[in-house]
Amino acid sequence: MKVNQLFNEGQVISFEVFPPRLRDPQADLRRIDDTVAAIADLAPGFVSVTFGAGGTTHRAGTLELAARLKDTYGIEPVAHLPAAQLSTPAVDQLLGEFQASGIENLLALRGDIPVGGRVANDFAHASDLIAHIHAFGDFAVAGACYPEGHPESPSVVADIRHLRTKVDSGADWLISQLFFDNQQFYQFQERAACAGITVPISAGVMPVLNLHQIEHMATMNGVTLPPKFTSMMARYADNKAAMRDAGIAYAIDQIVDLLVHGVRGIHIYTMDNPTVARRIVEAVGTLARA
């Protein structure tokens, strides 16, 4: 089923998982199974599968996990495709494999630039990849968006202009980068609407489990840390268990507020942590189904 059609039926809750890594794929699969089991009762609209760097083995892992979600769990997968890490022949090969596996939903990204530079310059922007995917076959394609603006964009106005290009190229819905101040997302929604962007937007929420994690993410993505959040970090940074619990509680508070405000989709970055997934589902399950 095309994921973008789900938004016509109500609010869509979704999650993200990573494909197994080479170091211990069986342990990773067990953790993924535990995470999926934790979220299954919520009947998520979809689960996105990231695209690991590191060659064909990781590409195969993305495909295999996406197929596992669909065939074993009956959950619609959304497979990531990063433009900076792929050439046109590699994209076309993957698209053919996705089609053969019945996977029809993709997330087209520019992606992180590899240390040695782009694999190819075939897709300068995610919008180019989105257009190519639609020309190749019958896929629903999501695009990424940044509530506070892409860190490389000169302004939020320029960022919205680029986002409109992405939508005009065929993005069927959007998934946002994480944020910790819901007002930033609501303001972003207003800017998008003013720019004529009408496709559904899923709000990205990530529970913070440790101080290093958020410092890294905030630096990479230019995310604002509101006073309530920084006070939480200052209070519990030296207590690992308390920091985890506070981070989960903060994310739950964000999700409840987003649901109450009628946000069309919420995409939860659980970092493949079954405990995080389970506690979020337990807290918001009845609200998401209401």
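Residues numbered from 1 in each chain as written. Predicted model: local features only at pLDDT ≥ 70, side-chain atom pairs only at ≥ 80, totals over all residues. Heavy atoms only, no water.

1. So, the side chain of S176
Mapped onto the fold, S176 is located in strand β6 (residues 173–178). Within polar-contact distance, the side chain of S176 engages the backbone nitrogen of G204 at 2.8 Å. Look past the residues within four positions of S176 in its chain and what remains in contact with it is C145, P147, F185, S202, A203, G204 and Y269. (Helix = DSSP H or I, 4+ residues; strand = E, 2+ residues; numbered from the N terminus. Polar contact = N/O pair within 3.5 Å; in protein donor to acceptor, adjacent residues only side chain to side chain. Contact = heavy atoms within 4.5 Å.)

2. As for the sheet that holds strand β5 (residues 140–145)
Spatial strand order, β1-β2-β3-β4-β5-β6-β7-β8: eight strands in a closed barrel with parallel pairing. Strand-to-strand twist of the sheet, defined as the mean angle between neighbouring strand axes without regard to direction, takes the value 30 degrees. Strand direction decides the pairing type here: β6 and strand β7 (residues 201–205), joined by three bridges, are parallel. Note on β7: the bridge partner recorded for L178 is G204. (Pairing = 2+ DSSP bridges. Axes fitted to C-alpha atoms, helices over the stretch in contact; angles between N-to-C directions.)

3. Description of the pattern of salt bridges
Scanning the entire structure with this criterion turns up ten salt bridges. Salt bridges sharing common partners tie together D28, R31 and D272. (Salt bridge = Lys/Arg side-chain N within 4 Å of Asp/Glu carboxyl O.)

4. Observations regarding the nonpolar core
With 66 residues, the main nonpolar core has L81, F98, I133, L174, F185 and L258 as its most contacted residues. Grouped together as the second largest cluster of nonpolar side chains are 28 residues, L109, Y146, M217 and M233 included. (Core = buried A, V, L, I, M, F, W, Y, C linked by side-chain atoms within 4.5 Å. Buried < 20%, exposed > 50% of the residue type's maximum accessible area, 1.4 Å probe, protein only.)

5. As for the pairing of strand β8 (residues 265–269)
Burial of β8 is extensive: five of the five residues sit out of reach of the surface. As defined by bridge partners, strand β1 (residues 12–17) adjoins β8 across five bridges and the pair is classed as parallel. Bridge pairing in β8 links I13 to I266. When β7 meets β8, the two strands line up parallel, connected through four bridges. Directly across from G204, in β8, lies its bridge partner H267.

6. Thoughts on helix α4 (residues 126–136)
Among all positions of α4, only A126, S127, L129, I130 and I133 are buried. Taken end-on, α4 shows its buried residues confined to a sector of 160 degrees, consistent with a single buried face. Residues of α4 that are buried make contact with β3 (77–82), α3 (88–100), β4 (105–109), β5 and α5 (156–168). (Arc of directions from axis to C-beta.)

7. Quick look at helix α9 (residues 240–260)
For α9, with 21 residues, the first-to-last C-alpha span of 30 Å sits near the 30 Å given by 1.5 Å per residue. Among the residues of α9, M243, A246, G247, I248, Y250, A251, I252, Q254, I255, L258 and L259 are the ones counted as buried. Just downstream of α9, G262 is the residue with a positive phi angle, here 75 degrees. (Expected span 1.5 Å × (residues − 1).)

8. Things to note about the packing of aromatic side chains
In this structure the tally under the stated criterion is six aromatic pairs. Through a chain of ring-to-ring contacts, the aromatic side chains of F179, F185, Y186 and F188 assemble into a single cluster. (Phe/Tyr/Trp six-rings, centres within 6.5 Å; stacked < 30°, edge-to-face > 60°.)

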